[in-house]
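# Observations on chain architecture
Listed below are the residues making up each chain.
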Amino acid sequence: MSTITALGLVLLVLMILVGGKAGAQSFLALILNFGLLYLAIVLVAFHFSPLIVTLVVGMLVLALTIFMSSGDDLSSTVAFIASAVVLVVLIALIVPVEHWALVQGFGPEDSEDLEGLSVLVGINFIQVSTATAILSTLGAIAEAAMAIAAGLSEILEQHPQVPLNDLLKDGIDVGKQIIGTTFNTLFFGFFGGFLALFIWFTGVHYSFGEILNDKIFVAEILMILYAMVSVILTVPITTWVMTRAVAGKRKRAAKEEIPK
């Protein structure tokens with residue numbers, strides 16, 4: 001048994017012990033999402049448009065992640081709608097920024113690994129870098145949307161007649177509490193993943209300016225910034241979608257109570 005298989009089984013057991021049925025569904029969603037990402041790589045390699053593939057796969061990943069990790073129909077639906085809106089807004093942001101940043105392709109640090117290999121693969125690397133940046137934000141979007149939607153759903157369960165203005169304020173308050181921890185998670189995830197690169201920068205005596213202009217470093221910093229922007233956007237959008245859904249639900253209930 002390989003190390004990855006063993007750790008995967010440990011993860012499955014822990015998710016079932018802690019989350020029960022929801023944990024098992026989340027693990028299944030993780031496996032399916034991996035399959036979707038692999039499918040996206042294959043489609044891009046066969047010269048399908050990276051942006052179209054990313055948009056379709058991104059929506060499917062959000063749907064699987066959100067609907068298979070929650071049993072509450074209201075919070076799941078709200079989280080998915082809000083996530084889809086945030087994803088579209090981020091695409092409008094990421095596409096021009098990736099063109100301006102010029103961080104596509106490989107950096108000089110990759111020259112040894114690419115030696116003897118052809119990089120003329122016939123794929124637009126700007127679109128590939130754009131697709132990579134979009135896919136890297138999906139986890140942060142889904143996590144923030146579900147946290148806000150689930151928190152508001154719990155408030156509605158305890159106080160069914162809470163005023164919409166108070167519900168909107170509660171959603172923003174919940175969002176403020178998760179933004180700080182989410183930012184720390186993103187930052188330390190980036191720092192831990194690129195610790196070896198930072199050591200390499202130090203070993204070859206890169207100046208601070210050279211580090212800030214290094215293609216690999218800038219590309220990863222941009223992904224972190226995209227994820228942070230996505231979390232900030234998710235908080236008000238999810239809260240607003242939830243208030244609109246509750247308002248519509250209350251109007252329908254009021255109409256049904258009117259005697260004919």
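This report concerns the structure included in the present document. Keep in mind the model is a prediction, meaning the values are calculated, not measured.

Scoring rules and cut-offs
- Residues numbered from 1 in each chain as written.
- Predicted model: local features only at pLDDT ≥ 70, side-chain atom pairs only at ≥ 80, totals over all residues.
- Heavy atoms only, no water.
- Helix = DSSP H or I, 4+ residues; strand = E, 2+ residues; numbered from the N terminus.
- Buried < 20%, exposed > 50% of the residue type's maximum accessible area, 1.4 Å probe, protein only.
- Areas by Shrake-Rupley, 256 points an atom, 1.4 Å probe, with all protein chains shown as cover.
- Lys, Arg positive; Asp, Glu negative; His and termini not counted.
- Charge placed at Lys NZ, Arg CZ, Asp CG, Glu CD.
- Core = buried A, V, L, I, M, F, W, Y, C linked by side-chain atoms within 4.5 Å.
- Contact = heavy atoms within 4.5 Å.
- Phe/Tyr/Trp six-rings, centres within 6.5 Å; stacked < 30°, edge-to-face > 60°.
- Expected span 1.5 Å × (residues − 1).
- Patch = residues over 30% accessible without salt bridge, like charges linked within 9 Å, V, L, I, M, F, W, Y side chains within 5 Å.
- Salt bridge = Lys/Arg side-chain N within 4 Å of Asp/Glu carboxyl O.
- Arc of directions from axis to C-beta.
- Axes fitted to C-alpha atoms, helices over the stretch in contact; angles between N-to-C directions.
- Parallel < 35°, antiparallel > 145°, perpendicular 65-115°, else oblique.
- Nonpolar A, V, L, I, M, F, W, Y, C, P; charged D, E, K, R; others polar.
- Left-handed = near helix turned anticlockwise from the far one by under 90°.

## A look at the overall build of the protein chain
Along the protein chain, the regular secondary structure elements total 11 helices and 0 strands. In the protein chain, the succession of helices and strands from N to C terminus is α-α-α-α-α-α-α-α-α-α-α. Over its C-alpha atoms, taken along the principal directions, the protein chain stretches across nearly 80 × 45 × 35 Å. Buried residues in the protein chain amount to 35% of all 260 residues. Here the protein chain has roughly 15200 Å² of accessible surface; of this, 70% comes from carbon and sulfur atoms. Positive and negative side-chain charges in the protein chain, numbering 11 and 19 respectively, have mean positions lying 22 Å apart.

## Regarding the nonpolar core
In this structure, Leu167 and Met242 are the most contacted members of the largest nonpolar core, which totals 54 residues. Every element with two or more residues in this core is listed here: helix H2 (21–45), helix H3 (50–67), helix H4 (73–101), helix H6 (125–136), helix H7 (138–158), helix H8 (164–193), helix H9 (195–203) and helix H11 (215–257). With sequence-adjacent residues up to four places away left out, methionine 242 is seen in contact with Leu74, Ser75, Val78, Ala149, Leu152, Ser153, Leu156 and Leu167.

## Comments concerning unusual backbone geometry
At histidine 47, a residue that is not glycine, the phi angle is positive and equals roughly 70 degrees. Following the sequence through the fold, histidine 47 ends up in the loop between H2 and H3. When its relative accessible area of 52% is taken as the criterion, histidine 47 is described as exposed.

## So, the packing of aromatic side chains
Each pair of aromatic rings is reported with the distance of its centres and the angle of its planes. Counted under the stated rule, the structure contains 1 aromatic pair. Ring geometry for phenylalanine 67 against phenylalanine 80: centres 5.5 Å apart, planes inclined by 50 degrees, an arrangement best described as tilted. Of this pair, phenylalanine 67 sits in helix H3 while phenylalanine 80 sits in helix H4, and the two are 13 residues apart along the sequence. Note on phenylalanine 67: relative accessible area 38%, which makes it partly exposed. Residue classification places phenylalanine 80 among the partly exposed positions, given a relative accessible area of 22%.

## Description of H7
Compared with an ideal rise of 1.5 Å per residue, which puts 21 residues at 30 Å, H7 spans 30 Å between its outermost C-alpha atoms and is within 8% of the ideal. By the burial criterion, the buried members of H7 are Leu138, Ala140, Ile141, Ala142, Ala144, Ala145, Met146, Ile148, Ala149, Leu152, Ser153 and Leu156.

## A short note on a nonpolar patch on the surface
A grouping of Val10, Val13, Leu14, Leu17 and Val18 is seen on the molecular surface, where their side chains present a nonpolar patch of about 520 Å² in accessible area. Its location among the elements puts valine 10 in helix H1 (residues 3–19).

## Focus on H3
Here H3 contains 18 residues, and its C-alpha end-to-end distance of 25 Å stays within 8% of the 26 Å for a straight helix at 1.5 Å per residue. Within H3, the full set of buried residues consists of Pro50, Val53, Thr54, Val57, Gly58, Val61, Leu62 and Ile66. One side of H3 holds all its buried residues, which, seen down the axis, span an arc of 165 degrees. On the buried face of H3, the contacting elements are H2, H4, H6 and H7.

## Brief notes about the packing of H2 against H3
Close contact between H2 and H3 brings their axes to 10 Å; oriented N to C, the two are set at 175 degrees. Regarding the angle of H2 to H3, the classification is roughly antiparallel. Seen from H2, the contacting residues are Ala29, Leu32, Asn33, Leu36, Leu37, Ala40, Leu43 and Val44; seen from H3, they are Pro50, Val53, Val57, Leu60, Val61, Leu64 and Thr65. Taken together, the residues of the contact of H2 with H3 sort by class into 13 nonpolar, 2 polar and no charged.

## Re the packing of H3 against H6
When two helices pack together, their arrangement is given by the angle between the helix axes and the distance between those axes. It is at 9 Å that the axes of H3 and H6 come closest, and there the two elements cross at 15 degrees. When the axis of H3 is compared with that of H6, the two are roughly parallel. Our pair here, H3 against H6, has a crossing hand that is right-handed. Across the interface between the two elements, Pro50, Leu51 and Thr54 of H3 pack against Gln127, Val128, Thr130, Ala131, Ile134 and Leu135 of H6. By residue class, the composition of the contact of H3 with H6 is 6 nonpolar, 3 polar and no charged.

None of the figures reported here should be taken as evidence of function without further support.
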